[in-house]
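One letter stands for each residue in the lines below.
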Amino acid sequence: MADAKRPNQLLRNLNAKVAAIPMVATALVVFVGCTIWTIVHSFTKSKLLPKTDFVGLDQYERLWKTNKWLISIENLAIYGICSLVLSICIGFFLATLLDQKIRFENTIRTIILYPFALSFVVTGLTWQWILNPDFGVQKIVRSLGWESFAFDPLYNQDIVIYGILIAAIWQGSGLIMVIMLAGLRGIDQEIWKAARVDGIPKWKTYIFIVIPMMRPVFVTALVLITAGIVKVYDLVVAQTNGGPGIASEVPAKYVIESMFKNQNLGQAFAASTMMLVTVLIILVPYAYLEYGGKRRAK
Amino acid sequence: MTSTSSVSIKHLDLSFGAVEVLKDLNLEIANGEFLVLLGASGCGKSTLLNCIAGLLDVTGGQIHIKGENVTWAEPSERGIGMVFQSYALYPQMSVEGNLSFGLKNAKLPKDEIKKRVQRAAEVLQMEDLLKRKPAALSGGQRQRVAIGRALVRDVDVFLFDEPLSNLDAKLRADLRVEIKRLHQQLHNTMIYVTHDQVEAMTLADRIAIMKDGLIQQLASPSEIYNKPANKYVADFIGSPSMNFFLGAVNTDGAPTFETAGQTIPLTGYEFVSSPAAGNAWMGIRPEHIVVGEAAEASDFKIDTSVEIVEPMGSDTVVWCEVMGERIRIRIDGQSSVEPGDTLRIGFDAARLSLFEKTTESRI
Ligand SMILES: Nc1ncnc2c1ncn2[C@@H]1O[C@H](COP(=O)(O)OP(=O)(O)OP(=O)(O)O)[C@@H](O)[C@H]1O
Ligand SMILES: [Mg+2]
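Along each chain, the written sequence defines residue order, and numbers are assigned to residues from 1. Key to labels: chains lettered from A, ligands numbered from 1, both in the order written. Only residues with pLDDT of 70 or above have their local features reported here, since the model is predicted, and side-chain atom pairs are shown and tallied only from 80 upward, although totals for entire chains, interfaces and linings are computed over all residues. Side-chain measures were taken over the full set of non-hydrogen atoms in the model, leaving aside hydrogen atoms and water.

Colleague: Would you mind showing me how to read the overall build of chain B here?
Modeller: For chain B, the count of helices and strands is nine helices and 20 strands. Each residue is assigned to one of three classes by its accessible area relative to the maximum for its type, calculated with a 1.4 Å probe on protein chains only: buried under 20%, partly exposed between the two thresholds, exposed over 50%. Within the span of chain B, comprising 363 residues, buried residues form 50% of the whole. What makes two residues a contact is simply this: any of their non-hydrogen atoms within 4.5 Å. Counting only contacts in chain B whose residues sit at least 6 apart along the sequence, the fraction spanning at least 24 positions is 66%. Just so you have it, chain B exposes about 16,000 Å², and 48% of that area is on carbon and sulfur atoms. Here Asp and Glu are counted as negative and Lys and Arg as positive; His is not counted, and neither are the chain ends. Charged side chains are reduced to one point each, which is NZ for Lys, CZ for Arg, CG for Asp and CD for Glu. Seen as two clouds, the 37 positive and the 47 negative side-chain charges of chain B have centres 9 Å apart. To qualify as a helix, a DSSP run of H or I must reach at least 4 residues; to qualify as a strand, a run of E must reach at least 2; elements of each kind are numbered from the N terminus. Computed with a 1.4 Å probe, the accessible areas rest on the Shrake-Rupley method; for each residue, only the protein chains presented here act as cover.

In structure tokens, the structure reads:
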């Protein structure tokens, strides 16, 4: 074949590309299309139905003057930071414990992972009972003799978000543990041996050698947890429904209530656009560091 | 225990649950000796090395290093450095970081660390690699860093677990020489695990051949090659491997070996004890069978026809059938032999190895 040409890159793997078209189209229409539609309508005064009477930034001004939204954002920040740090720490800690070649590892792993199989609603209701002063922890401790013991996070405006946090971590850390455990198992045993011969204590081996090697695993865990944080809604509804008062409101709940309870689409879209912006503010620098930096290094 | 003993292993047992890997193993390694543990896969070489390093808890027995009982000491306190097959470098640290991390952890003074790293880099010729990460190194360079990490520990005993088996043939040969040079320069005790017999023969002062957790023979490379203690060792060492004939030793008059109607004179063979009659294996290495004029001068000669010829450049392996066995003969690479040719072959009694038929140990 004297005139063998480099094949057209577009036509290579044609079948695979044709097969991928419906998925690509769906992704474009649903994700990108709907996102743009939402952003556009956040600048209108849509009420029950979407309309196109543009009012500029009015919806956003209203949003940032609403006390409920401000509390939502504050709650999300506390909940987000705490659940990120705690899930990763607890998940990694449990994984290292399980990695010590203990017996019944499979059983323990299943037990810890089990809450993840539950719906947030079930988790929420369960923890509502556990944290209820009349039935749960407080009742039990008092009946054991500590009459003055008080533990009622779900009924205290100042700490209600931490009550929700407990339930979220109970449910979420199992998954993080399993991911971390898989990461730990991926570390070459000879690295551990080399560190032992070097006389490096176990905790130092984890911090200076193993954790840096597990960077991709941590990134995966981070993405999973972050996605869960931004959309937290059902847990709050099941546990406190935003109460007491509006002390445990979260942004996702604000969006849904504006949309379906107050019939204020414009406000809901403005709020959800703000959530999107928040996510982008976190994601863009990260993606730039992770992918952009690497390409330049090559 | 002699005063020059560097590592001494006494009645060592090790089992994983019900699986006994090492059984009552005894080994004395002299100061400055290069000992190679050689054996087929799964025979317990790495297990023994890990026991010496303290990475595995022994089931029974004792390990002494430099006269001190270290059976239950931590690996870092045993005065050993270890090099692994997979290099086991810390990937997020630079070469310098890899070399100095253990020392920093041991709280050595900064200038001492610097001095040691510098010296290791000099010895291993990798001064210009110090700032690089392991990912940016070739396999051979990585293994050199791993050796450097053992070097900076300034220890008496080096342990190597198949350090070269992840490298390609050429690099392996280069690094092999480098390890030998290192040993001649440092005079440390080295214990080296491999399943490559070329590495074993070229590096070792003594070789320990292991099988199923037992040491079959512990001797110098030349003794292992010339006087294998049993048929397993004889078969394991040498490539192509030794040819065997089953027959009987006859001690009526001068000792002879009889197989397939032929009588091979054994005058000149060094018996371990006085010759005894009985069934036995006779082994002869392919390179100890001679052809042509040399065959005429041999103790025993026979005609055979060539079946297969495998030219390898420097020498040629010829397959033919002799006394009912298919055997290999190694001849000069320049001789022209064709399949079907009649070949006169011969060998000397002094080159033979005889093994008792059932125990398979040397007679
Ligand atoms: N953790 C373990 N649990 C149970 N059995 C083991 C364990 N490690 C090794 N063994 C067994 O011990 C025996 C010796 O293993 P070892 O790793 O010492 O072999 P080796 O001689 O180093 O082989 P190779 O040349 O393949 O590295 C093998 O039969 C292996 O199956
Ligand atoms: Mg091994």
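Colleague: Any chance you could explain the side chain of threonine 96 of chain A here in plain terms?
Modeller: Tracing the sequence through the fold places threonine 96 of chain A in helix 3 (residues 67-98). Other than its neighbours up to four places away in sequence, threonine 96 of chain A contacts Leu184 and Tyr206 of chain A.

Colleague: Can you walk me through the pairing of strand 17 (residues 315-322) of chain B in this structure?
Modeller: Put simply, side chains in a regular strand alternate between the two faces of the sheet. All names here are of chain B. Within strand 17, six of the eight residues are buried, leaving the element largely enclosed by the surrounding structure. Two elements, strand 16 (residues 300-311) and strand 17, share five bridges in a ladder whose sense is antiparallel. Its bridge partner lying in strand 17, valine 306 is registered against cysteine 320. Taking the residues between adjacent antiparallel strands as the criterion, strand 16 and strand 17 are bridged by three residues, where glycine 313 takes a positive phi near 95°. In terms of strand pairing, strand 17 meets strand 18 (residues 325-332) through eight bridges, oriented antiparallel. Strand pairing is assigned whenever DSSP identifies at least 2 bridges connecting the two strands.

Colleague: In this structure, what is going on with the nonpolar core? I would like to understand it.
Modeller: Within soluble globular proteins, side chains that are nonpolar generally end up buried alongside one another. Membership of the largest hydrophobic core comes to 78 residues, with the highest contact counts inside it found for Met180 of chain A together with Leu48 and Ile191 of chain B. Examining the composition of this core, we find that 13 residues originate from one element, helix 7 (residues 160-185) of chain A, more than from any other. Leaving out residues up to four positions away in the same chain, methionine 180 of chain A has contacts with Ile88, Gly91, Phe92, Ala95, Met214, Val217, Phe218 and Ala221 of chain A. Throughout, nonpolar core names a set of buried Ala, Val, Leu, Ile, Met, Phe, Trp, Tyr and Cys residues whose side chains join them through atoms within 4.5 Å. Formed by 47 residues, the second largest nonpolar core is a distinct cluster that contains Leu103, Leu130, Leu167 and Tyr192 of chain B.

Colleague: What's the story with the site of ligand 1 in this structure? I'm lost.
Modeller: Residues and elements named next belong to chain B. Close contacts around ligand 1 come from Phe16, Val21, Ser41, Gly42, Cys43, Gly44, Lys45, Ser46, Thr47, Glu162 and His195, and that covers them all. Between ligand 1 and serine 46 there is a distance of 2.5 Å, counted from an oxygen atom to a side-chain nitrogen or oxygen. In isolation ligand 1 offers 640 Å² of accessible surface; the protein chains occlude 57% of this area. Under the grouping applied here, Gly and all other residues not named as nonpolar or charged are polar, the nonpolar ones being Ala, Val, Leu, Ile, Met, Phe, Trp, Tyr, Cys and Pro and the charged ones Asp, Glu, Lys and Arg. When the residues that make up the shell around ligand 1 are grouped by side-chain class, the tally is three nonpolar, six polar and two charged. Proximity criterion: a residue is near a molecule or strand once any of its heavy atoms comes within 4 Å of it. In the analysis that follows, any N or O atom pair within 3.5 Å is treated as a polar contact, provided that within protein one partner can donate a hydrogen and the other can accept it, and provided that, for residues neighboring in sequence, both atoms belong to side chains.

Colleague: Got a minute to help me understand the domain arrangement of chain B in this structure?
Modeller: By a widespread convention, an interface's size corresponds to the accessible area lost as its parts come together. All names here are of chain B. For each domain, the first and last residues come from an automatic or database assignment. Here chain B is partitioned into domain 1 (5-227) and domain 2 (235-356). Inter-centroid distance (C-alpha atoms) of domain 1 to domain 2 is 39 Å. Contact residues are listed per partner, giving 10 residues for domain 1 and nine residues for domain 2. In this assembly, domain 1 packs against domain 2 so that about 790 Å² is buried in total across both faces, 57% of it on carbon and sulfur atoms. Summed over both partners, the accessible area lost on bringing two parts together, with a 1.4 Å probe, is the buried area. Of all residues in domain 1, Gln197, Tyr225 and Lys227 bury the most surface against domain 2, accounting for 60% of the area lost on that side. A side-chain nitrogen of Lys or Arg and a carboxyl oxygen of Asp or Glu constitute a salt bridge if their distance falls within 4 Å. Applying the counting criterion to the domain 1 and domain 2 interface returns one salt bridge. Among the salt bridges present, the one from lysine 227 reaches glutamate 270, with a minimum N-O distance of 3.8 Å. At the junction of domain 1 and domain 2, the tally comes to four residue pairs in polar contact (both at pLDDT 80 or more). At the level of secondary structure, the elements contributing two or more residues to the side of domain 1 that touches domain 2 comprise strand 3 (34-39), helix 6 (197-203) and helix 7 (221-226).

Colleague: Explain the UniProt feature "domain: ABC transporter" (unreviewed entry) in chain B to me, please; I cannot follow it from the model alone.
Modeller: UniProt positions are given in the numbering used here, feature names are shortened, and annotations may be inferred rather than shown by experiment. The positions that UniProt labels "domain: ABC transporter" (unreviewed entry) are, in the present scheme, residues 7-237 of chain B. Taken end to end, residues 7-237 of chain B is 36% helix and 27% strand, and its two terminal C-alpha atoms sit 26 Å from one another.

Colleague: Would you mind showing me how to read the UniProt feature "domain: ABC transmembrane type-1" (unreviewed entry) in chain A here?
Modeller: Under the UniProt annotation, the feature "domain: ABC transmembrane type-1" (unreviewed entry) is placed at residues 73-286 of chain A. Between the C-alpha atoms that bound residues 73-286 of chain A the distance is 22 Å, and the span itself is 72% helix and 0% strand.

Colleague: How should I be thinking about the interface of chain A and chain B in this particular structure?
Modeller: Taken together, the contacts link 17 residues of chain A with 23 residues of chain B. In total, about 1,800 Å² of surface goes out of reach between chain A and chain B, with carbon and sulfur atoms giving 58% of it. Counting the surface chain A buries against chain B, the share from its top three residues, Arg196, Val197 and Asp198 of chain A, is 37%. Joining chain A to chain B, the criterion identifies one salt bridge.

Colleague: Got a minute to help me understand the UniProt feature "transmembrane region" (unreviewed entry) in chain A in this structure?
Modeller: All names here are of chain A. UniProt marks residues 20-40, 76-98, 110-130, 159-184, 205-230 and 268-289 with the feature "transmembrane region" (unreviewed entry), using the numbering shown here. End C-alpha atoms of residues 205-230 are separated by 34 Å, and the span's content is 96% helix alongside 0% strand. Each end of residues 268-289 is marked by a C-alpha atom, and these two atoms are 32 Å apart; helix forms 100% of the span and strand 0%.

Colleague: Could you clarify how one ought to interpret the pattern of salt bridges in this entry?
Modeller: Two side chains that carry opposite charge are able to pair once their charged atoms sit near each other. Per the counting criterion, the structure on display carries 21 salt bridges over all chains. Residues arginine 116 of chain B and glutamate 112 of chain B are paired through a salt bridge, measuring 2.9 Å at the closest nitrogen-oxygen approach. Separated by four residues within a single helix, arginine 116 of chain B and glutamate 112 of chain B lie in helix 3 (residues 110-123), roughly one turn from each other. What makes glutamate 112 of chain B partly exposed here is its relative accessible area of 22%. Across the pair glutamate 307 of chain B and arginine 326 of chain B runs a salt bridge whose closest N-O atoms are separated by 3.0 Å. Of this pair, glutamate 307 of chain B sits in strand 16 while arginine 326 of chain B is found in strand 18, placing the two residues 19 residues apart along the sequence. Accessibility expressed as a relative area gives 32% for glutamate 307 of chain B, which makes it partly exposed. Accessibility expressed as a relative area gives 49% for arginine 326 of chain B, which makes it partly exposed. Each of the salt bridges in this network shares a partner with another, and the network as a whole consists of Lys68, Glu249, Lys253 and Glu257 of chain A.

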